[in-house]
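Overview (structure and organization)
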Amino acid sequence: MANFLAQTEALAFGKTEQEVRGEGVAEEQVAHRSFPGNRPSNTILAQKLAPSTLGSLVALYEHKVFVQGSIWRINSFDQWGVELGKVLATKISTELEARGEPELAHDSSTNALIGRYRRLRGARG
């Protein structure tokens, strides 16, 4: 919790170059160890993570994305990348469920993830 709350404070107030220098930090590190602050963030605490709490958080972030899109005059929910994902998922889905070892023709990362998922699920090759 300390790190969680400290991150909120760091985003809000940052650390000036003057403060960093005051700590005796070597000059070549000053730019790396100073932060501008004044970065908006949300810190939300809940009694427990229940389905209604999670649903409220999802709704909050969906609303935030919608409002930002409205302000910036973009349709935040018109995502062509989602359509590409659906096309790719159709092929991957058959590979995840295949009997035997399917021949994978994706990039090395996707192939490894499919293989790991199949091993964890107990798929037999």
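The present account deals with the structure reproduced in this document. (Residues numbered from 1 in each chain as written. Predicted model: local features only at pLDDT ≥ 70, side-chain atom pairs only at ≥ 80, totals over all residues. Heavy atoms only, no water.)

1. Focus on the overall build of the chain
On a plain count of helices and strands, the chain comes out with six helices and zero strands. Starting at the N terminus and ending at the C terminus, the chain contains elements arranged as α-α-α-α-α-α. A compact globule built from 125 residues should have a C-alpha radius of gyration of about 14 Å, whereas the chain, at 23 Å, is more than 25% larger. A principal-axis box enclosing the C-alpha atoms of the chain has dimensions of 65 × 40 × 35 Å. Within the chain, the proportion of its 125 residues that are buried is 12%. Residue pairs at least 24 apart in sequence account for 30% of intrachain contacts in the chain once pairs closer than 6 positions are excluded. Of the roughly 10400 Å² that the chain leaves accessible, carbon and sulfur atoms contribute 57%. Of the charged side chains in the chain, 15 are positive and 14 negative; the average position of the first set lies 8 Å away from that of the second. (Helix = DSSP H or I, 4+ residues; strand = E, 2+ residues; numbered from the N terminus. Rg over C-alpha atoms; globule rule 2.2 N^0.38 Å. Buried < 20%, exposed > 50% of the residue type's maximum accessible area, 1.4 Å probe, protein only. Contact = heavy atoms within 4.5 Å. Areas by Shrake-Rupley, 256 points an atom, 1.4 Å probe, with all protein chains shown as cover. Lys, Arg positive; Asp, Glu negative; His and termini not counted. Charge placed at Lys NZ, Arg CZ, Asp CG, Glu CD.)

2. Here we look at helix α1 (residues 2-13)
Between its terminal C-alpha atoms α1 stretches 16 Å, which fits the 16 Å expected from twelve residues at 1.5 Å a residue. Gly14 occupies a position one or two residues after α1 and carries a positive phi of about 60 degrees. (Expected span 1.5 Å × (residues − 1).)

3. Observations concerning the environment of Tyr117
If you trace the backbone, Tyr117 turns up in helix α6 (residues 108-121). For Tyr117, a relative accessible area of 37% puts it in the partly exposed group. The spacing of Tyr117 and Leu96 is 21 residues in sequence and 7.6 Å in space, taken between C-alpha atoms.

4. What about a nonpolar patch on the surface?
Side chains of Val65, Phe66, Val67, Ile71, Trp72, Ile74 and Phe77 sit close together on the surface and give an oily, nonpolar patch of about 710 Å² of accessible area. Mapped onto the elements of the fold, Trp72 is located in helix α4 (residues 51-72). (Patch = residues over 30% accessible without salt bridge, like charges linked within 9 Å, V, L, I, M, F, W, Y side chains within 5 Å. Salt bridge = Lys/Arg side-chain N within 4 Å of Asp/Glu carboxyl O.)

5. Side note on helix α5 (residues 80-97)
Along its 18 residues, α5 runs 26 Å from first to last C-alpha, staying within 8% of the 26 Å computed at 1.5 Å per residue. If you look at α5, its biggest bend is around 30 degrees, right at Ala89. (Bend = angle between axes of the 7 residues up to and from the residue.)

6. Side note on the pattern of salt bridges
A side chain of one charge can pair with a side chain of the opposite charge when the charged atoms of the two come close. Under the definition given, this model contains five salt bridges. Taking the shortest distance from any N to any O, the salt bridge between Glu23 and Lys15 comes out at 2.6 Å. Relative accessible area serves as the criterion here: at 26%, Lys15 is assigned to the partly exposed category. Salt-bridge contacts for Glu27 lead to Arg21; the nearest nitrogen and oxygen are separated by 2.8 Å. Look at Glu27 and you get partly exposed, because its relative accessible area is 48%. Taking relative accessible area as the criterion, Arg21 reaches 39% and is therefore assigned partly exposed. Each of Glu17, Arg21 and Glu27 takes part in salt bridges that share partners, so that together they form one network.

7. Digging into the packing of α5 against α6
Interhelical geometry of α5 versus α6 gives an angle of 35 degrees and a closest axis separation of 9 Å. α5 and α6 meet at a crossing whose hand is right-handed. In this structure, α5 uses Ile92, Glu95, Leu96 and Glu97 to contact α6, whose residues at the interface are Thr110, Ile114, Tyr117, Arg118 and Arg121. Its residues assigned to classes, the contact of α5 with α6 comprises four nonpolar, one polar and four charged. (Axes fitted to C-alpha atoms, helices over the stretch in contact; angles between N-to-C directions. Left-handed = near helix turned anticlockwise from the far one by under 90°. Nonpolar A, V, L, I, M, F, W, Y, C, P; charged D, E, K, R; others polar.)

Worth remembering: the numbers are spatial, not functional.
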